Amino acid sequence: MMYQPELETMPREALRRLQSERLVETVQRVYERVPFYRRLFDHHGVKPEDIRSVDDVVKLPFTRKKDFREQYPFGMLAVDRTEVVRIHGSSGTKGKPTIVGYTRRDIENWSECVARAIVTAGGRPGDVFHVIYGYGLFTGGLGFHYGAERLGMTVVPVSGGNTPRQVTLIEDLRPRGIAGTPSYVLNIAETMRQMGKDPAASGVEYGIFGAEPWSEEMRRTLEQAFGLKAMDVYGLSEVMGPGVAIECIEAQEGLHVAEDHFLVEVIDPATRNPLPLGATGELVFTSLTKEALPVIRYRTGDVASLIPEPCRCGRTHVRMSRIKGRIDDMLIIRGVNVFPSEMEAVVLNIEELAPHYQVVVDRVGTLDTITLLAEVTEAFAGAIGDFHPEHEAVLRLTHRVAEALKHTLGVTTEVRLCRPGELPRSEGKAVRIIDKRQLYPSR
Ligand code: DLL
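Quick summary incoming for the structure in this document. (Residues numbered from 1 in each chain as written. Predicted model: local features only at pLDDT ≥ 70, side-chain atom pairs only at ≥ 80, totals over all residues. Heavy atoms only, no water.)

For the structure on display, the rule yields 2 cavities of 30 Å³ or more. The computed volume of the largest cavity comes to approximately 90 Å³. Forming the walls of the largest cavity are 14 residues, and the residues nearest its centre are Arg 116, Thr 120, Ile 246, His 256 and Ala 258. Within the residue set of the lining of the largest cavity, elements represented by two or more residues are α5 (104-120), β8 (241-247) and β9 (255-257). In this structure, the second largest cavity occupies an estimated 60 Å³ of space. Taken together, Tyr 102, Asp 106, Asn 109, Trp 110, Met 240, His 261, Phe 262, Thr 289 and Lys 290 make up the full set of residues lining the second largest cavity. Element by element, the count of residues in the lining of the second largest cavity is highest for α5, at 3 residues. Among the residues making up the lining of the second largest cavity, the classes are represented as 4 nonpolar, 3 polar and 2 charged. (1 Å grid on protein atoms, 1.4 Å probe; cavity = no way out; pocket = protein on both sides within 12 Å on 5 of 7 lines; lining within 4 Å. Points joined across faces, edges and corners; volume = space filled by probe spheres on them. Helix = DSSP H or I, 4+ residues; strand = E, 2+ residues; numbered from the N terminus. Nonpolar A, V, L, I, M, F, W, Y, C, P; charged D, E, K, R; others polar.)

Dropping the structure here:
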């Protein structure tokens, strides 16, 4: 089933024309209405008339999160503040949050995007839909809520946290679909098992997981735990929120970008040059329909590639790969590029490890070092009795994990195994990386 088949299967040539028209309008609007963009365009010697089709997008300057910070709170708006019906933001670990705004029409378009995304992931009107993403400034909860209501679902706005209540509601209301961060949904499964319940008995048929990097191995773990099909959903507040791209249940391979609303590019983060279709680099988005907060060539910091082959679901919108990680999280260890999220695959493939891990990054001299903290399973800890790092079985497992990491990533990593339950559990986006390098910037 498709939500908007005429848009989702639009021939590429027609889609290109639609995108070009919308790009031209967007560029004119921001130039006229947002002093920030006028200055930026002037500084780069770009005039709105230079942009006639999507091919010209490469002439436009980039924007970044820092621009949102500097224009905080309302400097990026292309409408009067009174036309903004809602504010969202991202938590931002440093200083002020990033604030974004939506007009009534923006909310409508966003709801349509999310409704479309839910259907793409296997949802249908009438389904009970359990929303675990946080409600509030974060775009996850309300973004999914409005999309699900628009679709005509029975929405359960649980938000994150209070895990025993999540379990009760899932058991009693029997949602066909759930949406949440993969790390927290995994914790719900763990809690169910601790309560003596089988998550697979809950009858959930599909899960829409995103807002943080996750791996194919995590998909398998979640699918097996609940007996559901897991789809990856991508989005970011600066561009809209969830629903920018979603995997289809037919292929479960790559996320269809809502190309009637967003123009996507992949660039080399170092040179900022566009990369050929299929190459891995930084995702860049230009919005095509947004009123309150159009974005021009927004550099996401997220690393992925575009998949040029048509999809077997029949949708013509280009697919992007799973996000490999964020540029800031990429480590260069003795010349090898490593994303901490790549370690997830290793952890989940070792039977004695629980799917809970963190990566500590530090710097010794001029070298980056990484240490994987991973929990052993209850079964492993139970079998050896008293868990301590010097226990022979623990040492052996530590060695095996380090070998597996070396084999998969090509670099030597420290490994520290932890007791079951020792690492913090997430109720939203998991904190996977502890970067100690910033503590000593001068080292
Ligand atoms: O995380 C929006 C969202 C909500 C997406 C619910 C999906 C589901 P922000 O808080 O602004 O918005 O964070 C955006 O999260 O730049 C990525 O680094 C990361 N991210 C989002 N989705 C994925 C995903 C929401 N599927 C930032 N895989 C983005 C990997 C993701 N990373």
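A few words now on the pattern of salt bridges. Tallied over the entire structure, the rule returns 31 salt bridges. Arg 299 is the partner of Glu 282 in a salt bridge, and the nearest nitrogen-oxygen pair spans 2.7 Å. Pair noted here: Glu 282 is in strand β11 (residues 281-287) and Arg 299 is in strand β12 (residues 298-304), with a separation of 17 residues, a long-range link. Taken individually, Glu 282 and Arg 299 each receive the classification buried, so the pair is uniform in this respect. The partner of Asp 368 in a salt bridge is Arg 437, with the nearest N and O atoms 3.0 Å apart. In this pair, Asp 368 is assigned in strand β19 (residues 367-376) and Arg 437 in the segment after β21 (433-435), connecting sequence segments 69 residues apart. (Salt bridge = Lys/Arg side-chain N within 4 Å of Asp/Glu carboxyl O. Buried < 20%, exposed > 50% of the residue type's maximum accessible area, 1.4 Å probe, protein only.)

With that settled, the discussion passes to the site of the ligand. What surrounds the ligand is a group of 20 residues, the closest being Asp 232, Val 233, Ser 237, Asp 302 and Lys 429. Glu 212 places a polar main-chain atom, nitrogen or oxygen, 3.3 Å from a nitrogen atom of the ligand. Lys 429 is positioned such that a nitrogen or oxygen atom in its side chain is 2.8 Å from an oxygen atom of the ligand. Computed on the free molecule, the ligand has an accessible area of 610 Å², of which 94% lies beneath the protein chains in the complex. Sorting the residues of the shell around the ligand by element identifies α6 (139-151) and β7 (229-236) as the ones contributing at least two each. Top contributing element to the shell around the ligand by residue count: β7, with 5 residues. (Near = heavy atom within 4 Å. Polar contact = N/O pair within 3.5 Å; in protein donor to acceptor, adjacent residues only side chain to side chain. Areas by Shrake-Rupley, 256 points an atom, 1.4 Å probe, with all protein chains shown as cover.)

Here the focus is the layout of surface pockets. To find leftover empty space, one rolls a probe the size of a water molecule over the atoms. If you add up the space inside the second largest pocket, you get close to 630 Å³. Elements with a minimum of two residues in the lining of the second largest pocket: α2 (12-33), β10 (262-267) and β13 (306-307). A class-by-class count of the residues in the lining of the second largest pocket yields 18 nonpolar, 5 polar and 8 charged.

With that settled, consider the sheet that holds β19. Read from one edge of the open sheet, 4 strands run β20-β19-β18-β21, paired in mixed fashion. Every other strand in the sheet has two partners, leaving β20 (414-418) and β21 as the edge strands with one partner each. Here the average twist between neighbouring strands, direction ignored, is 20 degrees. Taken together, the 5 bridges between β19 and β20 define a ladder with parallel strand orientation. Along β20, the bridge assignment pairs Leu 373 with Arg 416. (Pairing = 2+ DSSP bridges. Axes fitted to C-alpha atoms, helices over the stretch in contact; angles between N-to-C directions.)

Read these as layout, nothing more, since geometry by itself doesn't imply function.
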